[in-house]
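Understanding the architecture of this molecule
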Amino acid sequence: MGKKRSTCLVGLLVLASMILGACAPTQDPQVAELEAALATAQAAGDASEQVAELQAQLEAVQAAANAPAYESYSADFKNPDTLTNLWIGEPESLDTAIMYDSPGIVVARHLYDGLLFLKGSAVDEFVPMLADEWSISADGMTYTFHIREGVTFYKGGTLEAHDVAYTFHRNMLLGWDFLGAGGPMGLFFDPMLETAGIGAEGDGGTLDVVGGDDVAVCEAIRNTVVADDATGIVTIKLAYPSAYFPQLLVQPWAGIMDKEWMIEQGNWDDDCATWRNWYMPEVSASLLYSAENGTGPYVLDHWTAGQELVLQANQDWWVTEPLWEGSTVDGVPEIGTVVIKLVEEWGTRLAMIEAGDADSLDHEIAFASQIDPMIKTKYTFQDGEWVEEEVNPDGILSLYTNMPATSTDDIFLNFNIPTEGGNPYIGSGQLDGLGIPPDFFSDIHVRKAFNYCFDRETYIAEVRQGEAFPHRGPIIEGMPGYVADSFIYEYDLEKCAEELQLAWDGAVWENGFTMSFLYNTGNDSRRIASEI
């Protein structure tokens, strides 16, 4: 579900998504008096000037009487150089080869820099970052980067070409790919090696391609990213032209690490004979689970899982001039400390923002009416500019709305639900009315039925307050590859029933099915989607 726009609240400093809603009007006794006076004047045939003056006074008083009534808020925002965020989730890990969750990605973007960076709000324009020059060969299969000089990792190492190569090699050999633990590195395997990951024997992964030899797997990965420290050049070779590859390079999964520091901490030693010793670790067993050493604008102060994560501005951040004309990023971040607190309950988050104990909070847009009274100033993005409007003189938040966004809410239907060790969420595991089989969604009629049965308009109205629209397939409007007239499902219970009758040769319709939907605590969007 693609969002029409994104909205943000700033607590005199700070961001939090929100959309402004209407508040109930109040009455003014002057209205009745002026209405009576106007009626008397009109009945008496008074001069038109007098009638017009009374009419203008009445309209002015009515407008004031019908204006939103707001409380006065006077919360003091503590520590002006500290940004306190209230989140409903926390990172799964700080290891960029493992993280595939929004909280982790948001944090890692501030800890690591990549070879490239997106230019402003563009989604298909890139500027060099840790590379100061880059090029793509005519056939689209070779990327060449000259590594920027004078960049240091915050713990002291100097950025060199071999750090870039080591980062890619280590991350791809960790096993968090589509044939391993299911992490993000499968995105790199496809364009670089035309596989979904390393895999086990018979999986069709890189291990099979090279003949089942571990050293050959490592060498194949090494050949895709080659570093020359003498020239400062890094070359990335693809298996086929991939228009989306630069998009991968701006993600935190391609954030560059310090090879020497990594090895000192006990990470992979860069030996092709040993990589299996670090292959597919448990999330918390990864040596970068709660540690990092990047070149980004912030550094990790501490992370207490289940409570809070704190970042400090990197006082030695190498960016001292804008990366492109018009950028305002040109030095150490002005916000010295970023505190991210895990607060799953909505009422607690709301109370903290009201008291000034937080600057930003995760919230569902369905709760907009509870935030509206605190909005002081509303900024609406129109024709490339911000239009300012005062809402509540005694408010404490600023609202930024109508911003284009490239986010989407999706439900993925797994063709092969894992059952190793038992899976209580699929019930009996059979089509007997008490569960579903692991391959339930492999039947196209089941998938079509779920699409026809899901009431998107209700979801948009209740969860997004109208601030979204059903999108057509996996590519969001405004992104390269979007097709405006592609097929889109409508809410149609009759077609849903037809598909269910066809599913699994009629067994679904005859027996029914039972399954559980899961959502993370505090995520009311997913809760309501599950209920729908």
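Residues numbered from 1 in each chain as written. Predicted model: local features only at pLDDT ≥ 70, side-chain atom pairs only at ≥ 80, totals over all residues. Heavy atoms only, no water.

Details of the overall build of the protein chain
Our working definition: By definition, any uninterrupted DSSP run of H or I lasting at least four residues is a helix, any uninterrupted run of E lasting at least two residues is a strand, and each is numbered from the N terminus. Note on exposure labels: buried denotes an accessible area under 20% of the residue type's maximum, exposed denotes more than 50%, and partly exposed covers the range between, all computed with a 1.4 Å probe on protein chains only. Note on contacts: a residue pair qualifies if any of its non-hydrogen atoms lie within 4.5 Å across the two residues. We get accessible surface area from the Shrake-Rupley algorithm with a probe of 1.4 Å; when it comes to residues, only the shown protein chains can shield them.
Helix and strand counts for the protein chain come out as 16 helices and 15 strands. Buried residues in the protein chain amount to 45% of all 532 residues. For the protein chain, long-range pairs separated by at least 24 residues make up 63% of all intrachain contacts whose partners lie at least 6 apart in sequence. Counting only carbon and sulfur atoms, one obtains 50% of the accessible surface of the protein chain, whose full area is about 26000 Å².

Section: the side chain of Gln251
Inclusion rule: Side-chain atoms alone can form a polar contact between residues adjacent in sequence; in general such a contact is a pair of N or O atoms within 3.5 Å, and within protein one must be able to donate a hydrogen while the other accepts it.
Tracing the backbone through its elements, the reader meets Gln251 in the loop between α8 (245–249) and α9 (259–264). A distance of 2.8 Å separates a polar atom in the side chain of Gln251 from a polar atom in the side chain of Arg109.

A few points about the packing of helix α12 (residues 444–453) against helix α14 (residues 493–502)
Basically, it comes down to this: Working convention: axes come from line fits to C-alpha atoms, limited for helices to the stretch in contact. Angles between N-to-C directions cover 0 to 180 degrees. For classification, angles of less than 35 degrees are called roughly parallel, those exceeding 145 degrees roughly antiparallel, those between 65 and 115 degrees roughly perpendicular, and all remaining angles oblique. We call a crossing left-handed when the near helix sits turned anticlockwise from the far one by less than a right angle, and right-handed when that turn is clockwise. Side-chain classes are defined by residue name, with Ala, Val, Leu, Ile, Met, Phe, Trp, Tyr, Cys and Pro counting as nonpolar, Asp, Glu, Lys and Arg as charged, and the others, Gly among them, as polar.
Relative to each other, α12 and α14 sit at 165°, their axes nearing to 8 Å. Taken as axis vectors, α12 and α14 run roughly antiparallel relative to one another. Crossing hand, α12 versus α14: left-handed. Of the residues in α14, those touching α12 at His445, Lys448, Ala449, Tyr452 and Cys453 are Leu493, Lys495, Cys496, Glu499, Leu500 and Leu502. Counted by class, the contact of α12 with α14 contains seven nonpolar, one polar and three charged residues.

A word on the pattern of salt bridges
Let me state the cut-off plainly: By salt bridge we mean one thing: a side-chain nitrogen of Lys or Arg within 4 Å of a carboxyl oxygen of Asp or Glu.
Tallied over the full model, the rule gives six salt bridges. Lys259 is the salt-bridge partner of Asp270, the closest N and O atoms lying 2.7 Å from each other. Placement of Asp270 in the loop between α9 and β9 (298–304) and of Lys259 in helix α9 is noted, with a sequence separation of 11 residues between them. For Lys259, a relative accessible area of 18% gives the class buried. Residue Glu308 pairs with Lys341 through a salt bridge whose shortest N-O separation is 3.0 Å.

What to know about the sheet that holds strand β12 (residues 360–361)
Here is the rule: In this description, strands pair whenever DSSP reports at least two bridges between them.
If you walk across this open sheet you meet the five strands as β9-β10-β11-β2-β12, and the pairing is mixed. The sheet terminates laterally at β9 and β12, the two strands that pair on one side only. Where strand β2 (residues 82–87) lies against β12, two bridges are found, and the strand directions are parallel. Of the residues in β12, the one forming a bridge with Asn85 is Ser360.

Observations concerning the environment of Leu361
Secondary-structure assignment places Leu361 in strand β12. The buried category is assigned to Leu361, whose relative accessible area is 3%. For the pair Leu361 and Ile88, spaced 273 residues apart in sequence, the C-alpha to C-alpha distance is 8.7 Å.

Here's the deal with the confidence of the model for the protein chain
Note the cut-off: A residue's pLDDT is simply how confident the predictor is in it, with values from 0 to 100.
Averaged over every residue, the pLDDT of the protein chain is 87; residues scoring 70 or more account for 89%. Of the regions scoring below 50 in pLDDT, residues 1–27 engages in 120 contacts with residues more than four places distant in sequence or in other chains.

Digging into the state of the cysteines
Our working definition: Any pair of cysteine sulfurs within 2.5 Å is marked as a disulfide.
Throughout the structure, instances matching the rule amount to two disulfides. Note on cysteine connectivity: Cys453 is disulfide-linked to Cys496, with sulfurs 1.7 Å apart. Residues Cys453 and Cys496 share a disulfide whose torsion about the S-S bond is about -85°; that sign makes it left-handed. Of the two residues, Cys453 sits in helix α12 while Cys496 sits in helix α14, which places them 43 residues apart along the sequence. Looking at Cys453, the relative accessible area reads 28%, which means it is partly exposed. Taking only the cysteines that form disulfides and numbering them from first to last, the protein chain has the pattern 1-2, 3-4.

Some words on empty space enclosed by the protein
Put simply, the test is: Points on a 1 Å grid over protein atoms alone make up a cavity when a 1.4 Å probe fits among them but cannot get out, and a pocket when they form an open set with protein on both sides within 12 Å along at least five of seven lines; lining residues each have an atom within 4 Å of a point. Grid points are joined across faces, edges and corners, and a volume is the space filled by probe spheres set on the points.
Counted by the stated rule, this structure contains one cavity of 30 Å³ or more. Estimates place the volume of the largest cavity at around 60 Å³. Put simply, the parts of the chain that give the lining of the largest cavity at least two residues each are β10 (308–313) and β11 (337–342). Sorting elements by how many residues they give to the lining of the largest cavity places β11 first, with three residues. A breakdown of the residues in the lining of the largest cavity according to their chemical character gives six nonpolar, two polar and three charged.

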